[in-house]
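Now for the letters of each chain:
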Amino acid sequence: MPTPLAVERGVNLRPYNSFGLPAVAQQLVRVKADADIRRVLGDPQLGRAPKFVLGGGSNVVLTRDLDTLVLKVEVMGRRVVQERDDAVIVEFGAGETWHDAVAWTLDQGFAGLENMALIPGTVGAAPVQNIGAYGLELKDRFESLDAVDLVTGRSVHFDAGMCHFAYRDSVFKRELAGKSVITRVRLKLPRPWTPVVGYLDLERKMHESGITSPDARQIFDWVCAIRRSKLPDPALIGNAGSFFKNPVVSEEQCRDIIGRDPEIVHYPLPDGTVKLAAGWLIDACGWKGKTIGRAGVYEKQALVLVNRGGASGAEVVTLARAIQESVYGRFGIRLEPEPVVV
Ligand code: EPU
């Protein structure tokens, strides 16, 4: 006999979102396996309730209490699925902490995820926004995932093509938002391993240390050090990483901005468009270190909004809007938030 579904009521979500924002879930079920979701769907009352899927809570701004049923994904497990000549395939439960997964692969002797060390959140959330850092994105290491359809209750296998990965984007943020729950993710760690060290901050580390052929553990350590030096630890200061995406503009638009602000940080993309550093744009508008209510702009990286202590989701959203308006006013560019505002 399966144990009855445990439905928790009036759950404080503050510990479950990295911004540390106050919100209460009317009902919450911890999902440990695909079957738990089917049991929720088969329940006469829970099955009909609107649902909200919560992973590590590192990419969400909670502005209100949730009268929906919160499905908190806690599917655990890590294993090597296959060792091939060209790659090692590893599988993680969606509830595993992303950084622990990265560290575990290195401990097993498998390189390939080191550039994405210390990204907050869970493995299940990683494909949703195609996380990325220091020259690598999840899609570069993605094999497949399993998700449960919230209408039919069926487990569905997704390959990379089905996920429609793009910069901080996927089908799970768009057509399938709120419609499926990712339960397991498989990653492909290519063999032979080649280091990805083209990102400016990593090139700087190589130059400073004199190490010209770093191994994966060295890159992992560098990435951890770089992140710790400029990004706040969510355990100490509530935040959701970069709050805005880096905007992409046409070459013509970029030339126009460079004409007025020659020092703007920008990266030409292979398709002729240009990615601008949103942190630079926000910084240039004088926002670094500023505070509205109890929400602020991090002192060392203007792209990160922080909870100065006791902030509400509404205060974070007010600050974000003020930043968007001032960047639009000066540069004519609309910044798009990275986290989901609920
Ligand atoms: N910059 C400023 N002022 C600031 C912040 C940045 O002038 O206050 C300039 C920097 O000097 C640098 C440029 O902007 O020349 C880019 O900054 P950085 O290298 O720190 O990277 P980013 O574009 O701000 C992106 C990702 C991060 C990821 C890093 C490293 C996005 C939205 N953010 O940040 O991802 O860790 O690159 O790859 O793409 C996240 O998504 O949550 C995240 C932290």
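The structure displayed is predicted, hence computed values, not measured ones.

**Details of the domain arrangement of the protein chain**
Each domain of the protein chain was delimited in the assignment, giving domain 1 (8-73), domain 2 (78-190) and domain 3 (238-341). Between the C-alpha centres of domain 2 and domain 3 there is a distance of 27 Å. Taken together, the 5 residues of domain 2 in the interface contact 4 residues of domain 3. Taken together, both faces of the contact between domain 2 and domain 3 bury some 510 Å²; the carbon and sulfur share is 40%. Taken as a group, Tyr-167, Arg-168 and Lys-173 account for 80% of the area that domain 2 buries against domain 3, more than any other trio of residues on that side.

**A short note on the pattern of salt bridges**
By the definition in use, this model includes 27 salt bridges. Put simply, Arg-39 and Asp-36 hold a salt bridge, and the shortest N to O gap is 3.6 Å. Here Arg-39 and its partner Asp-36 are both found in helix H1 (residues 34-42), 3 residues apart, which amounts to about one turn of the helix. Glu-74 is the salt-bridge partner of Lys-72, the closest N and O atoms lying 3.0 Å from each other. Overall, Lys-72 belongs to the buried group, its relative accessible area being 11%. Under the relative-accessibility criterion, Glu-74 is labelled buried at 14%.

**Considering the pairing of strand S19 (residues 304-307)**
Neither face of S19 is exposed, since Val-304 and Val-306 on one face and Leu-305 and Asn-307 on the opposite face are all buried. Judged from the 3 bridges that link them, strand S13 (residues 238-242) and S19 form a sheet pairing that is antiparallel. Looking at S19, one finds that Asn-239 is bridged to Val-306. Note: strand S18 (residues 295-297) against S19, 3 bridges, orientation antiparallel. Bridge pairing in S19 places Ala-295 opposite Asn-307. With antiparallel pairing between neighbouring strands as the criterion, S18 and S19 make up a hairpin whose turn holds 6 residues.

**Section: the packing of helix H4 (residues 200-209) against helix H5 (residues 216-230)**
Where H4 contacts H5, the two axes come as close as 10 Å, and the packing angle between them is 115°. One finds that H4 runs roughly perpendicular with respect to H5. Like other packed secondary-structure pairs, H4 and H5 cross with a definite hand, here right-handed. Along its contact with H4, which presents Asp-201, Leu-202, Lys-205, Met-206 and Ser-209, the element H5 presents Trp-222, Val-223, Ala-225, Ile-226 and Lys-230. Of the residues that constitute the contact of H4 with H5, the class distribution is 6 nonpolar, 1 polar and 3 charged.

**A closer look at the sheet that holds strand S16 (residues 274-276)**
Taken in spatial order, the 3 strands line up as S14-S16-S15 in an open sheet, and their pairing is antiparallel. The two strands at the open ends of the sheet, each matched to only one other strand, are strand S14 (248-249) and strand S15 (266-268). Here S15 runs beside S16; their pairing, made up of 3 bridges, is antiparallel. Pairing of His-266 across the sheet is with Leu-276, part of S16. Here helix H6 (residues 251-260) sits on the sheet in contact with S14, S15 and S16, set at roughly 45° to S16.

**Thoughts on the nonpolar core**
Counting 59 residues, the largest nonpolar core has Leu-71, Val-90, Trp-98, Leu-138, Leu-145 and Leu-187 as the members making the most contacts within it. Residue contributions to this core reach at least three from each of two domains, namely domain 1 (8-73) and domain 2 (78-190). Grouped together as the second largest cluster of nonpolar side chains are 32 residues, Phe-244, Ile-257, Val-274 and Leu-281 included.

**Quick word on the environment of Asp-43**
Relative to the assigned elements, Asp-43 resides in the loop between H1 and strand S3 (51-54). Relative accessible area serves as the criterion here: at 27%, Asp-43 is assigned to the partly exposed category. On a C-alpha basis, the gap between Asp-43 and Leu-5 in space is 9.4 Å, while along the polypeptide they are 38 residues apart. A distance of 2.8 Å separates the side chain of Asp-43 from the backbone nitrogen of Leu-46, its partner in a polar contact.

**What about the sheet that holds strand S12 (residues 180-190)?**
Spatial ordering of the open sheet is given by S6-S7-S12-S10-S11, a layout of 5 strands whose pairing is antiparallel. Lying at the two open borders of the sheet, with one neighbouring strand each, are strand S6 (78-83) and strand S11 (155-159). The average angle at which neighbouring strand axes cross in this sheet is 20°, direction not considered. Two elements, strand S7 (residues 87-93) and S12, share 7 bridges in a ladder whose sense is antiparallel. Bridge pairing in S12 links Ile-89 to Lys-188. Relative to S7, helix H2 (residues 98-107) is tilted by about 145°, and along the sheet it contacts S6, S7 and S12.

Rules and cut-offs
Residues numbered from 1 in each chain as written. Predicted model: local features only at pLDDT ≥ 70, side-chain atom pairs only at ≥ 80, totals over all residues. Heavy atoms only, no water. Domains from an automatic or database assignment. Contact = heavy atoms within 4.5 Å. Buried area = accessible area lost by both parts, 1.4 Å probe. Salt bridge = Lys/Arg side-chain N within 4 Å of Asp/Glu carboxyl O. Helix = DSSP H or I, 4+ residues; strand = E, 2+ residues; numbered from the N terminus. Buried < 20%, exposed > 50% of the residue type's maximum accessible area, 1.4 Å probe, protein only. Pairing = 2+ DSSP bridges. Axes fitted to C-alpha atoms, helices over the stretch in contact; angles between N-to-C directions. Parallel < 35°, antiparallel > 145°, perpendicular 65-115°, else oblique. Left-handed = near helix turned anticlockwise from the far one by under 90°. Nonpolar A, V, L, I, M, F, W, Y, C, P; charged D, E, K, R; others polar. Core = buried A, V, L, I, M, F, W, Y, C linked by side-chain atoms within 4.5 Å. Polar contact = N/O pair within 3.5 Å; in protein donor to acceptor, adjacent residues only side chain to side chain.

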